[in-house]
There are 2 protein chains.
Amino acid sequence: MNYQSIRYLLGWVISVEAGLLVLPVVVALIYGESEGVVFLICAAGAALIGTLLRIRKPANSHIYAKEGFVIVALSWVLLSIIGALPLCISGAIPSYIDSLFEIVSGFTTTGASILRDVESMPNSVLFWRSFSHWIGGMGVLVFMLAILPLAGGYNIHLMRAESPGPSVGKLVPRLRKTAKLLYIMYIVLTVAELLFLLFGGMPLFDSVCTALGTAGTGGFGIKGDSMAGYSVYIQIVVTIFMFLFGVNFTFYYFIINKKWRDAFKMEEVRAYAGIFIAAVVLITANIVIEAGGDIGTSIKDAAFSVSSIMTTTGFSTADFDKWPTLSKTILVIIMFGGACAGSTGGGIKISRIMLYIKQAKVEVMQSIHSRSVYSIKMEGKPVGAKVLQGTNAFLIVYIVIFVLSLMIISWDDFGFTTSFTSVAAMINNIGPGLGMVGPSGNYADFSILSKCVMIMDMLVGRLEIFPILLLFAPVTWKK
Amino acid sequence: MNYQSIRYLLGWVISVEAGLLVLPVVVALIYGESEGVVFLICAAGAALIGTLLRIRKPANSHIYAKEGFVIVALSWVLLSIIGALPLCISGAIPSYIDSLFEIVSGFTTTGASILRDVESMPNSVLFWRSFSHWIGGMGVLVFMLAILPLAGGYNIHLMRAESPGPSVGKLVPRLRKTAKLLYIMYIVLTVAELLFLLFGGMPLFDSVCTALGTAGTGGFGIKGDSMAGYSVYIQIVVTIFMFLFGVNFTFYYFIINKKWRDAFKMEEVRAYAGIFIAAVVLITANIVIEAGGDIGTSIKDAAFSVSSIMTTTGFSTADFDKWPTLSKTILVIIMFGGACAGSTGGGIKISRIMLYIKQAKVEVMQSIHSRSVYSIKMEGKPVGAKVLQGTNAFLIVYIVIFVLSLMIISWDDFGFTTSFTSVAAMINNIGPGLGMVGPSGNYADFSILSKCVMIMDMLVGRLEIFPILLLFAPVTWKK
């Protein structure tokens with residue numbers, strides 16, 4: 001284990017966070033909020049620790065997959081531990097566990113809140129929450145790879161451990177250029193949404209927070225009713241941008257390079273769009289027929305909710321907990337599928353789901369024609385046995401963690417629906433679930449034990465299980 | 001496709017059912033019930049059709065895996081279609097769909113009922129329901145293999161398609177002898193339970209039905225409150241025997257041959273016992289602490305419920321729908337695990353669950369030590385890649401069918417908990433779920449569409465998906 005490199009890179013992560021913490025200070029200055037001082041102190045503290053950690057450069061900067069996992073996992077843990085401090089110290093969220101829950105929910109782009117009254121929060125705190133979504137969405141290590149002049153050794157392992165999906169491809173041969181490209185596309189899309197929101201008459205602060213929360217597919221609202229109070233235009237803009245941030249960014253790379261055919265031939269993006277349309281049609285029909293909803297509003301709310309849940313954002317315009325069972329069930333199902341790999345969305349990812357279904361098909365064919373050999377292709381390329389094995393192991397570990405979390409959380413005795421959907425909302429980084437944690441509810445009433453489990457689940461979900469899991473495996477730390 | 005052999009074997013299946021239908025006629029005679037005439041007519045009709053179908057022997061009796069699947073699937077469908085007739089014609093269950101639901105629930109050893117008042121049913125009907133559990137538990141084709149002088153060609157494929165578990169082993173080299181051995185052990189255990197029940201003062205008819213329902217891990221009760229009204233002694237006897245019928249029968253084979261060490265070294269049986277004990281301890285603690293239950297009764301009810309749900313039997317002594325969330329959640333979780341492979345119990349099976357967890361462990365190790373090679377062992381023997389692939393495909397298809405069923409059933413709008421647990425109860429062949437389908441509820445109020453989906457799910461669950469799935473695959477029927 002290359003401890004030197006781990007220390008050095010963690011030093012950089014903390015230094016970067018110190019830089020990020022300056023932004024809420026600026027917000028506090030603009031709105032004349034005393035919380036700015038707290039953010040400033042935390043930034044200074046982080047800068048000091050970060051600098052100390054990276055004073056000595058490591059002799060050997062080469063890292064393996066194991067170090068990659070450990071660095072990414074520890075980065076996210078440290079990022080959260082430090083990021084929670086200003087929330088707690090400023091008194092915005094008096095309990096440290098609650099502050100940690102809130103900021104982990106931010107960085108992991110979950111968007112679940114323990115705040116009962118979000119509108120009473122100072123703007124600097126609201127901004128920090130929403131900004132954490134934006135950083136967490138594309139990833140802080142990818143950000144570092146993009147902006148820092150790190151020497152050659154820090155490689156694909158970091159990106160692989162932080163980016164979602166069964167197999168992480170580089171857009172261009174050079175890793176640093178890929179990271180830069182990703183952040184440029186990310187910034188352009190975020191700014192585009194911001195402009196559309198401002199154009200619709202949304203106040204600047206609201207627009208910034210909404211754009212940051214949409215981009216990271218996070219979902220922290222800055223109003224008690226999330227997006228319900230904004231105009232239909234704004235709701236439609238958010239629906240569209242949530243959908244766009246759930247698309248595999250390779251799609252945009254093709255678009256930029258005018259490879260239209262390659263872009264629109266992407267299997268995963270097509271499946272993603274197909275599921276979106278099917279879910280919207282079914283839910284709209286269900287609300288209109290069973291609950292007598294008006295067609296226009298029903299389509300708008302169905303599209304918003306599907307886009308929000310499928311991309312694991314978690315904004316809401318309607319309290320879908322009050323919808324008929326079929327609509328709720330569809331939402332629970334798409335909670336698990338999640339968005340595309342290589343997007344900022346969470347969940348199991350559409351491409352994994354596709355690999356599962358393709359494998360099952362092949363197995364059925366094989367059981368009939370036992371002598372034929374079938375291969376599995378994705379985006380036109382054959383998928384290796386190692387990737388399939390890893391994808392299957394992912395599902396199994398995912399289920400095991402889900403079941404264990406469900407058992408601990410159900411100890412709180414809030415009923416099966418609340419327990420089940422809150423675990424689903426955590427591990428898939430969504431935010432709202434059903435029942436007590438529905439769009440009009442929050443996570444304040446859970447026990448400290450449950451909140452700790454949820455914090456773990458959010459990190460496990462965002463980093464796709466293995467980095468966090470390896471942190472606890474004794475074999476990782478053995479010589 | 002060897003259509004001749006399919007016809008011939010289906011003829012035998014129907015003939016065997018004709019023979020089985022004579023037993024309720026005897027019951028009707030004893031209790032002087034007019035329903036006996038209906039059973040007799042159905043038996044005669046089945047005998048006629050069965051005989052006609054098997055008049056001409058097939059020229060070539062050799063069958064492949066594909067025919068094995070098709071024969072087993074069609075056998076179960078025919079068995080159910082014919083078995084439902086007396087229930088409907090006698091007027092006991094006026095709707096044919098309801099009759100079909102009830103008898104499929106019987107044969108698949110689910111034990112879910114659409115009857116609102118089971119105690120008003122004639123004894124011959126109650127006996128037929130419970131007897132269907134017993135036949136379905138070990139399997140009608142295994143029964144045929146054991147008793148009929150079928151020529152050599154009808155082979156392991158039939159047994160493999162009907163018996164549960166990831167890999168079906170023969171106890172002894174000759175298949176027919178294995179089938180016979182299985183049925184002998186099955187009969188001995190059933191009779192043992194019957195004697196224990198009679199010894200406890202349970203009326204003869206009740207004892208017979210209870211023993212048949214326990215043996216098949218079915219769970220149809222003949223009282224409105226299932227087992228709650230019987231003495232503690234009887235409840236304990238049933239608890240123990242439910243557990244015993246969920247054990248892999250290879251265990252008993254070892255015991256008979258005095259291979260004690262082999263028996264008690266069986267990994268699957270140990271895991272099964274371990275899960276049982278853990279679940280009973282957790283639920284007992286949860287009821288005593290959260291609901292203030294008395295310790296003795298809590299242990300008894302927890303053990304009964306865990307045994308009943310884990311083995312997928314479905315009898316009940318307490319309304320666990322009223323238990324705290326943790327207890328309910330544990331029951332929902334063990335619904336999926338199910339019993340051992342090679343037992344009469346349903347669910348995913350303990351050995352599959354173990355294979356999943358072992359694979360995940362290996363994958364975690366592999367991600368750290370990418371150059372090492374790990375192999376997966378079960379019961380001391382290495383597990384082949386083909387078995388693992390099949391086991392993984394099973395899980396995926398299982399989830400797909402689960403999700404599709406959940407969507408259709410939730411259309412009935414009975415809430416998420418009821419919809420989710422009723423699909424779980426169907427596909428795992430358990431019987432009761434939570435909410436409206438809890439121990440004190442029934443399945444009467446579901447729509448016809450939902451009932452049809454549930455009928456499919458029960459068959460899919462009992463035959464472990466592939467036989468039924470292949471019935472609908474166009475490729476099965478292509479030249």
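Residues numbered from 1 in each chain as written. Chains lettered and ligands numbered in written order. Predicted model: local features only at pLDDT ≥ 70, side-chain atom pairs only at ≥ 80, totals over all residues. Heavy atoms only, no water.

Attention now goes to the environment of B:D457. Residues and elements named next belong to chain B. Relative to the helices and strands, D457 is located in helix α20 (residues 448–462). Taking C-alpha positions, D457 is 22 Å from T329, a pair spaced 128 residues apart along the chain. Excluding anything up to four places from it in sequence, D457 contacts I401, S405, V423, M426 and I427. (Helix = DSSP H or I, 4+ residues; strand = E, 2+ residues; numbered from the N terminus. Contact = heavy atoms within 4.5 Å.)

Excluding glycine, residues mostly have negative phi values, and the peptide bonds linking residues are mostly trans. All names here are of chain A. With a phi angle near 55 degrees, S226 is a residue other than glycine that sits in the positive phi range. As for its placement among the helices and strands, S226 is situated in the loop between α10 (204–215) and α11 (232–245). On the accessibility criterion, S226 (10% relative accessible area) is buried. We note that N429 has phi near 60 degrees; this positive angle belongs to a residue other than glycine. Look at N429 and you get buried, because its relative accessible area is 1%. (Buried < 20%, exposed > 50% of the residue type's maximum accessible area, 1.4 Å probe, protein only.)

As a further point, take the packing of helix α5 (residues 96–107) of chain A against helix α20 (residues 448–462) of chain A. Residue and element names in this part refer to chain A. At a minimum axis separation of 10 Å, α5 and α20 run at an interaxial angle of 20 degrees. Considering their axes alone, α5 and α20 lie roughly parallel with respect to each other. Pair α5 / α20 crosses with left-handed handedness. Along the contact surface, α5 presents I97, D98, L100, F101, V104 and S105, while α20 presents I448, K451, C452, M454, I455, M458 and L459. The class makeup of the residues in the contact of α5 with α20 is ten nonpolar, one polar and two charged. (Axes fitted to C-alpha atoms, helices over the stretch in contact; angles between N-to-C directions. Parallel < 35°, antiparallel > 145°, perpendicular 65-115°, else oblique. Left-handed = near helix turned anticlockwise from the far one by under 90°. Nonpolar A, V, L, I, M, F, W, Y, C, P; charged D, E, K, R; others polar.)

Looking now at the relation of the copies chain B and chain A. Superposing chain B onto chain A takes a rotation of 180 degrees combined with a translation of 0.0 Å along the rotation axis, leaving an RMSD of 0.0 Å. The superposition operator between the copies reduces to a two-fold rotation axis. Residue B:T417 of chain B places its C-alpha closer to the rotation axis than any other residue of that unit, at 3.0 Å. Here 100% of the interface residues in chain B have copies in chain A that are interface residues too; the copies meet face to matching face. (Least-squares fit on C-alpha atoms with pLDDT ≥ 70 in both.)

Time to look at the confidence of the model for chain A. Scored by pLDDT, chain A comes out at a mean of 90, with 97% of its residues at no less than 70. Two numbers describe this predicted complex: its pTM, 0.90, and its ipTM, 0.87. (pLDDT = per-residue confidence, 0-100.)

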